[in-house]
Amino acid sequence: MSGGEQKPERYYVGVDVGTGSVRAALVDQSGVLLAFADQPIKKWEPQFNHHEQSSEDIWAACCVVTKKVVQGIDLNQIRGLGFDATCSLVVLDKQFRPLPVNHEEDSHRNVIMWLDHRAVSQVNRINETKHSVLQYVGGVMSVEMQAPKLLWLKENLRETCWDKAGHFFDLPDFLSWKATGVTARSLCSLVCKWTYSAERGWDDSFWKMIGLEDFVADNYSKIGNQVLPPGASLGNGLTPEAARDLGLLPGIAVAASLIDAHAGGLGVIGADVKGHGLVCEGQPVTSRLAVICGTSSCHMGISKDPIFVPGVWGPYFSAMVPGFWLNEGGQSVTGKLIDHMVEGHAAFPELQVKATARCQSVYAYLNSHLDLIKKAQPVGFLTVDLHVWPDFHGNRSPLADLTLKGMVTGLKLSQDLDDLAILYLATVQAIALGTRFIIEAMEAAGHSISTLFLCGGLSKNPLFVQMHADVTGMPVVLSQEVESVLVGAAILGACASGDFASVQEAMAKMSKVGKVVFPRLQDKKYYDKKY
């Protein structure tokens, strides 16, 4: 190469499977999104609390979006591919064909979604064992984890599903298998959702105690006995068949995957914050809390040594950032709750008409309407008499009580647009107060947090971001790339390609600060009272 010639640009593809859609991005070495595509995926709810998807439908959507983002690109410049996904459960038979997870025996629907709460009886029995593995999930296992769902399948679909099953995948691991033919699992999925320990592996006594001794008998071949850290390169890369499906070249490096929230954490938590006047600039990365907020919210804090936080998942070793322990708080419904409150209100049709007339989203319209009605007081003070308890789908953290329900207190007889706007505000505040509740539990156990790093769909809503700053009294850092989850997935592909020496190096080079939102400290006093 002559001195005047530049090295060709290197690109990475990140694919993110969320609750309702698959998104993909083409990302360069400095973490800039060059192309983006999304595609909806199907969801079924055959009965209350049963939520299902199709792995074939999800893979087809992955192919559509990947082909779109690489259009017009020299495929030789694409160096790596990374996947993240929700922690849904995929069931395949011994020939890798879909099996039904439903009483209707519809094998197309072979995925139990992350938010499925069918296994309540099973999780209660698992928690009654008080087994030592439960220490690593905040003392109480969630109904959203995989062990209760597996037990439900054994007890309810023995002949049509359980006895025929050859492979149970976390969705992120299904995607990396589909791309490479390698059944190795990511440490992230197994540690966070399946009770695997990075140091000790599987605990035979746990599976025997809960009635799933079948896994022990076949050396865990159905749920994973080869485990790799996120970002590790899988097999020989992309298979010829998967390359055809995705519109990429065979042999491209494919990374061991991450759960979607963890990819978001990876995409934001390592950003270089110099020059933004942030206290965390001179502090270790452990002073940062990544909050990934979409349909639900996840609160990712890391530590050098294990910290056990009651009601908060973890500590999980190397599940997000290699070499660090991860604690994961969460709120089961946040974006979904805001939609539920707004769309169920009597004034919602009027809101839709007015927002459409202004070419605005309903939330942009509500934010400007709140500014209009607040008069001289800070906007947050509009809810002085209205309070929301946001656990409409139970409390994940820090109470770990799925039986809790939601509540609104302070309602009046009027149901106009002002009332809708104030109810929306109270809901956003309730979610922010829930984040504060989680932070306080983490700090009481030994974490020291000074700064929030927000990403995900709700981080695009300025009211949501400002309320998190005001309620917690902490600055909120937003990424230059709003799609931090996709940057996180691309970081995995970049690591698998060998272009970066470590995940930490890729994080520092590929995540950038876009904006900092500081708390209005006079407002925090108001929230201290509301809290």
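What you are looking at is a predicted structure, and each value in this text was computed from that prediction instead of being measured. (Residues numbered from 1 in each chain as written. Predicted model: local features only at pLDDT ≥ 70, side-chain atom pairs only at ≥ 80, totals over all residues. Heavy atoms only, no water.)

## A closer look at the layout of surface pockets
Next up, step 1: Each pocket or cavity is described by its volume, and for the largest pocket that value is around 930 Å³.
Next up, step 2: In this structure, the largest pocket is lined by 43 residues; those nearest its centre are Cys-293, Gly-294, Thr-295, Gly-456 and Gly-457.
Next up, step 3: For the lining of the largest pocket, the elements supplying multiple residues, two or more each, are β2 (21-28), β3 (33-40), α9 (260-268), β14 (288-293), β15 (297-303), α10 (335-343) and α12 (362-373). (1 Å grid on protein atoms, 1.4 Å probe; cavity = no way out; pocket = protein on both sides within 12 Å on 5 of 7 lines; lining within 4 Å. Points joined across faces, edges and corners; volume = space filled by probe spheres on them. Helix = DSSP H or I, 4+ residues; strand = E, 2+ residues; numbered from the N terminus.)

## Looking at the packing of helix α1 (residues 55-69) against helix α4 (residues 171-180)
Next up, step 1: The interhelical angle for the contact between α1 and α4, taken along N-to-C directions, is 60°, at an axis separation of 11 Å. Where α1 crosses over α4, the handedness of that crossing is right-handed. Contacts between α1 and α4 involve Ser-55, Ile-58, Trp-59 and Cys-62 from the first element and Leu-171, Phe-174, Leu-175, Lys-178 and Ala-179 from the second.
Next up, step 2: Taken together, the residues of the contact of α1 with α4 sort by class into 7 nonpolar, 1 polar and 1 charged. (Axes fitted to C-alpha atoms, helices over the stretch in contact; angles between N-to-C directions. Left-handed = near helix turned anticlockwise from the far one by under 90°. Contact = heavy atoms within 4.5 Å. Nonpolar A, V, L, I, M, F, W, Y, C, P; charged D, E, K, R; others polar.)

## Considerations on the domain arrangement of the protein
How big an interface is tends to be stated in terms of accessible area lost as the parts join.
Next up, step 1: As far as domains go, the protein holds domain 1 (11-256) and domain 2 (335-433).
Next up, step 2: Computed from C-alpha coordinates alone, the two centres of domain 1 and domain 2 are separated by 34 Å.
Next up, step 3: Contacts between domain 1 and domain 2 engage 9 residues on the former and 4 residues on the latter.
Next up, step 4: For the pair domain 1 and domain 2, the summed buried area comes to about 570 Å², and 65% of that belongs to carbon and sulfur atoms.
Next up, step 5: At the junction of domain 1 and domain 2, the tally comes to 1 salt bridge.
Next up, step 6: The salt bridge involving Arg-396 is made with Glu-144; its shortest N-O contact spans 2.9 Å.
Next up, step 7: Taken together, the links from domain 1 to domain 2 amount to 3 residue pairs in polar contact (both at pLDDT 80 or more).
Next up, step 8: Split into classes, the residues belonging to the side of domain 1 that touches domain 2 amount to 6 nonpolar, 2 polar and 1 charged. (Domains from an automatic or database assignment. Buried area = accessible area lost by both parts, 1.4 Å probe. Salt bridge = Lys/Arg side-chain N within 4 Å of Asp/Glu carboxyl O. Polar contact = N/O pair within 3.5 Å; in protein donor to acceptor, adjacent residues only side chain to side chain.)

## Observations regarding the packing of helix α15 (residues 484-497) against helix α16 (residues 503-510)
The relative placement of two packed helices is expressed as an angle between their axes plus a distance between the axes.
Next up, step 1: Taken N-terminus to C-terminus, the directions of α15 and α16 make an angle of 130°; their axes are 9 Å apart at the nearest point. Between α15 and α16, the angle falls in the class oblique. Pair α15 / α16 crosses with right-handed handedness. Each of Val-487, Ala-490, Ile-491, Ala-494 and Cys-495 in α15 lies in contact with α16, whose residues at this interface are Val-503, Ala-506, Met-507 and Met-510.
Next up, step 2: Class assignment of the residues belonging to the contact of α15 with α16 gives a composition of 9 nonpolar, no polar and no charged. (Parallel < 35°, antiparallel > 145°, perpendicular 65-115°, else oblique.)

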